[in-house]
Amino acid sequence: MAEGRPIDSTPDPTDPNREQWGSRRGFLLAAAGSAVGLGNLWGFPYKASSHGGAAFVVVYLLMIVLVCLPLLIAELSIGRRTGESPVMALFLLGGRRWRWVGYVLVLNSMMILAFYSVVSGWTLLSLGQNVIGGVPADPASFFGRISQGPEALLGHLLAMALTGMVIFGGIRRGIEHLSVSVMPLLYLLLIALAVWASQLSGAGAGYRFYLQPDFRELLSWSTITAATGHAFFSLSVGLGAMITYASYLRGRDNLVRLGSVVAAADTTVALLGGLVTFPLVAHFQLLDGLSDSTIGALFVAIPSGMNSLGGGGRLVAVVFFLVLAIAALTSAVSLLEVSTAGLIDRLGWSRRRATWLAVLVITLLGIPPAIDNRWIDVAYSLFGEAGLIFGGLMTAILLGWSYPSLGEAELAEGFPHPRAIRWWVLLLRWLVTPMLALLLVQSLRQLPAVLQTFFSHSP
Ligand code: PHE
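Definitions and limits used
Residues numbered from 1 in each chain as written. Predicted model: local features only at pLDDT ≥ 70, side-chain atom pairs only at ≥ 80, totals over all residues. Heavy atoms only, no water. Helix = DSSP H or I, 4+ residues; strand = E, 2+ residues; numbered from the N terminus. Buried < 20%, exposed > 50% of the residue type's maximum accessible area, 1.4 Å probe, protein only. Contact = heavy atoms within 4.5 Å. Phe/Tyr/Trp six-rings, centres within 6.5 Å; stacked < 30°, edge-to-face > 60°. Lys NZ or Arg CZ within 6 Å of the ring centre and 35° of its normal. Salt bridge = Lys/Arg side-chain N within 4 Å of Asp/Glu carboxyl O. Axes fitted to C-alpha atoms, helices over the stretch in contact; angles between N-to-C directions. Left-handed = near helix turned anticlockwise from the far one by under 90°. Polar contact = N/O pair within 3.5 Å; in protein donor to acceptor, adjacent residues only side chain to side chain. Near = heavy atom within 4 Å. Core = buried A, V, L, I, M, F, W, Y, C linked by side-chain atoms within 4.5 Å.

Looking at this model, I keep getting lost on the overall build of the protein chain. Mind explaining?
Along the backbone of the protein chain there are 21 helices and zero strands. Expressed as lengths along the three principal axes of its C-alpha atoms, the size of the protein chain is roughly 65 × 50 × 45 Å. Looking at the 459 residues of the protein chain, the share that counts as buried comes to 61%. When contacts within the protein chain are restricted to residue pairs at least 6 apart in sequence, those whose partners lie at least 24 apart make up 86%.

It is not clear to me how the packing of aromatic side chains should be interpreted in this structure. Could you clarify?
Aromatic ring pairs are defined here through the distance separating the ring centres and the angle between the ring planes. Summed over the entire model, instances satisfying the criterion amount to 17 aromatic pairs. Taking the ring centre of Phe91 as reference, the NZ or CZ of Arg99 above it sits at 4.4 Å.

I'm lost on the pattern of salt bridges in this one. Help?
Scanning the entire structure with this criterion turns up ten salt bridges. With its nearest N and O atoms 3.3 Å apart, the salt bridge here joins Arg351 to Glu19. A residue pair is termed long-range when its members are at least 10 positions apart, and Arg351 in helix α17 (residues 351-365) and Glu19 in the segment before α1 (24-35) qualify at 332 residues. Classification of Arg351 by relative accessible area gives buried; the value is 13%. Overall, Glu19 belongs to the partly exposed group, its relative accessible area being 30%. A salt bridge links Arg374 to Asp372, with the nearest nitrogen and oxygen atoms 2.6 Å apart. Asp372 carries the same exposure label as Arg374, and that label is buried.

Teacher, can you tell me more about the packing of helix α3 (residues 54-82) against helix α13 (residues 255-283) here?
Packed helices, taken two at a time, are described by the angle their axes make and the gap between the axes. Running from amino to carboxyl end, α3 crosses α13 at an angle of 145°, the nearest separation of the two axes being 9 Å. Crossing angle aside, the handedness with which α3 passes α13 is right-handed. Contacts from Val57, Tyr60, Leu61, Ile64, Leu69, Leu72, Ile73, Leu76, Ser77 and Arg80 of α3 reach α13 at Leu255, Val256, Leu258, Gly259, Ser260, Val262, Ala263, Asp266, Thr267, Ala270 and Leu271.

Is there a simple way to think about the environment of Asp345 in this case?
As for its placement among the helices and strands, Asp345 is situated in helix α16 (residues 310-347). The spacing of Asp345 and Gly83 is 262 residues in sequence and 9.8 Å in space, taken between C-alpha atoms. Side-chain polar atoms of Asp345 contact the side chain of Ser85, separated by 2.6 Å.

What should I look at first to understand the site of the ligand in this one?
Near the ligand lie 14 residues; those nearest to it are Ala35, Gly39, Tyr116, Phe233 and Ser236. Contact between the ligand and Asn40: an oxygen atom at 3.2 Å from a side-chain N or O atom of the residue. Of all elements in the fold, only α1, α2 (38-50), α11 (221-235) and α16 reach the threshold of two or more residues within the shell around the ligand.

How do you make sense of the environment of Leu219 when you look at a structure like this?
Residue placement: Leu219 occurs in the loop between α10 (215-218) and α11. A residue is classified by how much of its surface remains accessible, and Leu219, at 74% relative accessible area, is exposed. Along the sequence, Leu219 and Ala55 sit 164 residues apart, while their C-alpha atoms lie 9.0 Å from each other.

What should I look at first to understand the nonpolar core in this one?
Proteins that are soluble and globular tend to have nonpolar side chains buried together. In terms of nonpolar packing, the biggest core is built from 158 residues, with Trp21, Phe27, Trp122, Trp424 and Leu436 touching the most fellow members. Top contributing element to this core by residue count: α16, with 19 residues. For Leu436, the residues in contact, after removing those within four places along its chain, are Val67, Leu71, Phe232, Ile389, Gly392 and Leu393.

Any chance you could explain helix α4 (residues 86-94) here in plain terms?
Spacing of three or four residues puts side chains on the same side of an α-helix, whose turn is 3.6 residues. Within α4, nine of the nine residues are buried, leaving the element largely enclosed by the surrounding structure. When we look at burial in α4, the residues that qualify are Pro86, Val87, Met88, Ala89, Leu90, Phe91, Leu92, Leu93 and Gly94. Against the buried residues of α4 lie α3, α5 (96-132), α12 (241-246), α16, α19 (374-402) and α20 (404-412). In the segment just after α4, Gly95 is the residue with positive phi, at about 85°.

Please explain the environment of Phe383 as it appears in this structure.
Topologically, Phe383 is positioned in helix α19. In this structure the C-alpha to C-alpha distance between Phe383 and Gly95, which are 288 residues apart in sequence, comes to 25 Å.

Looking at this structure, I do not really get the side chain of Ser339. What am I missing?
Summarising the element assignment, Ser339 is placed in helix α16. Ignoring sequence-local partners within four residues, the contact set of Ser339 consists of Val106, Ser109, Met110, Ala358 and Ile362.

How should I be thinking about unusual backbone geometry in this particular structure?
For residues that are not glycine, phi is negative in most cases, and the peptide bond is trans in most cases. Of note in the backbone geometry, Ser236 takes a positive phi value of approximately 60° without being a glycine. Looking at the element boundaries, Ser236 is found in the loop between α11 and α12. Overall, Ser236 belongs to the buried group, its relative accessible area being 8%.

Is there a simple way to think about the side chain of Ser120 in this case?
Turning to its location among the elements, Ser120 is positioned in helix α5. When sequence neighbours within four positions are dropped, the list of residues in contact with Ser120 reads Leu38, Ala159 and Ala328.

Here's what the structure looks like:
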């Protein structure tokens, strides 16, 4: 394979046998499916409540627009230009020096999926319980049971099996088919839940908490790092999932438009998620419980509230967990596709073989967080936060500093505003790069504290 392509050359004609999305809509729903996930519905309200409510929301929105969207567009252009998943894509663009970054991204996607699948397992088991047995009488002890130990392991296996089955089906028949069938349903159900929640008494207090910023929090480093880390996680940028999805794109679609649609679709769900959860926790007076939150707050808070509502409550709980399960699955699928596509592109393996190996390894990696969920916090800080910020920083350096003309050339296909493209490069170079370098240092500095909490609490 030729090394480091000269800057202005056109990319290799991509492998004619490489799979492709069936339609632009299919790509958009799959990319939105990757972005919309547990991060939006579970992480967003739980983090917003522990970081000053609306202050967190404001920082988050700023980060999405100024940092994550430019990076998302960068990932899309890397993927489409090379027609390869991260390892080969970065090698093709930057040469051997960049290949290790691709490996780090793949490793990161595996580590994230390992704990993501455990949490996805909680949603599957909660959904199963609400459908079959009704809302548990004591949600806290039910959650205690399913969130670590043998049952959590079962949930993790179930989640990995489902994810693996979709990836087995490939791009069109697997990922696209799933996303096109379930994503619209997710939006519908979520809107229905938000409308329902708005009629609860106390909804106003929930909205106020959610939407009135505490401006002191706006300037706190921990809010800024948490909101940025979360924005990355939520938009699925920084680990090559979007590079991978865009590698199955052809044609000259406007990547700026595609990226903006995905970012808007994701942010809408995060905000809607807040419009569901905050009125709900306020109505059931669980706001305090959520802010000194454990990762399970939502899994306990929602069913606790639903218990007092009888049959209607059960229906709402089922819908709620169904939404969570859909969101989790479509994101898990994109995480698994990063390593599967890596094996296919790098080693020339069949999809079947690559999927088996990736599923096996990630299933094993998920055993510690399934058995002891304190691992989830540690893994989230290390891989979900610092890891994604690192990936974002590398992307910004690649297209902002090292090979800006490559990104510009790719973006120019379908986006006819050269001046705006120039601005995009300047943004990557002068805003995104220094900011992420700073945030990376900051989030690495917080790691010892995370580790200390881990080691000082017995399970
Ligand atoms: N964006 C997903 C979520 O919000 C998680 C994810 C992160 C998926 C990174 C893919 C890549 O839950």
